[in-house]
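Reading the structure
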Amino acid sequence: MALNKAVLPDANRNLEQLYEEFVTRARALGTEVYRVPNLAKARELVGKLVQEMGVRKVALSESPLVTALDLAAAVAGAGAEVTGGNPRERAEAADLGISSFEMAIAETGTLVQDATEINRRLVSMLPPAHLALVSTNRLVGTLQEAINNLAARGQIPGYLAFVSGPSRTADIERVLTIGVHGPGKVVVIFIDEGGDAGE
């Protein structure tokens with residue numbers, strides 16, 4: 001479901017300050033954060049990251065932003081391949097999942113995704129690493145702002161994912177373990193122009 005532009009965050013907010021806050025919070029949680037000016041630079045960075053991470057198979061979750069980026073060539077240029085077919089059958093075998101997110105919350109370094117579509121959940125949770133794409137324009141200050149924006153759509157999605165860094169748990173003897181219930185590595189690319197592509 002595309003986010004209604006009529007309920008996007010206040011255009012007068014200090015986006016640079018929010019971005020810096022997000023970077024500080026997200027990096028403290030172990031998330032890698034990048035920012036690019038446009039779709040072409042995002043495509044180039046995706047290829048570079050795929051190559052640096054030694055990825056062989058990539059699972060993509062379709063969305064207007066992922067489609068606009070046309071990542072198949074960037075992935076192939078980095079020596080990897082996009083897993084085709086049903087994500088239910090292919091996502092687990094991928095080294096990297098790539099999907100778009102609806103918003104990012106500065107105060108907690110959290111990404112917000114409408115994960116009602118099961119294929120989005122599979123691509124963002126099953127591979128050991130995840131690359132999240134989000135428009136810089138979708139950065140909000142607080143969880144309350146994020147909820148208000150979602151509520152203003154008329155209906156809050158039935159399944160929302162809030163991602164704050166790599167998966168971690170300390171369930172067993174309070175020993176912190178990374179990557180047990182989801183990706184052990186999370187990378188975010190903020191896209192300044194064109195990040196709202198197709199929506």
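By the naming in an unreviewed UniProt entry, the protein chain goes by Lactate utilization protein and is assigned to Desulfofundulus salinus.

**Here we look at the packing of aromatic side chains**
If you walk through the whole model with that rule in mind, you get 2 aromatic pairs. Their ring planes at 90 degrees and their centres at 5.4 Å tell us that Tyr19 and Phe190 sit as a pair that is edge-to-face. Taken together, the residues span a long stretch of sequence, with Tyr19 in helix 1 (residues 15-28) and Phe190 in strand 12 (residues 185-191) at a distance of 171 residues. Given a relative accessible area of 9%, Tyr19 falls into the buried group. Through pairs of rings, three or more aromatic residues link up here, namely Tyr19, Phe22 and Phe190. The ring of Tyr19 carries Arg35 above its face, with NZ or CZ at 4.8 Å from the centroid. Across the ring face of Tyr159, the terminal group of Arg121 is positioned such that the distance to the ring centre comes to 4.0 Å.

**Let's talk about unusual backbone geometry**
Within the chain, Asp70 stands out as a residue other than glycine whose phi angle is a positive 45 degrees. Inspection of the secondary structure assignment puts Asp70 in the loop between helix 3 (64-69) and helix 4 (72-77).

What counts as what
- Residues numbered from 1 in each chain as written.
- Predicted model: local features only at pLDDT ≥ 70, side-chain atom pairs only at ≥ 80, totals over all residues.
- Heavy atoms only, no water.
- Phe/Tyr/Trp six-rings, centres within 6.5 Å; stacked < 30°, edge-to-face > 60°.
- Helix = DSSP H or I, 4+ residues; strand = E, 2+ residues; numbered from the N terminus.
- Buried < 20%, exposed > 50% of the residue type's maximum accessible area, 1.4 Å probe, protein only.
- Lys NZ or Arg CZ within 6 Å of the ring centre and 35° of its normal.

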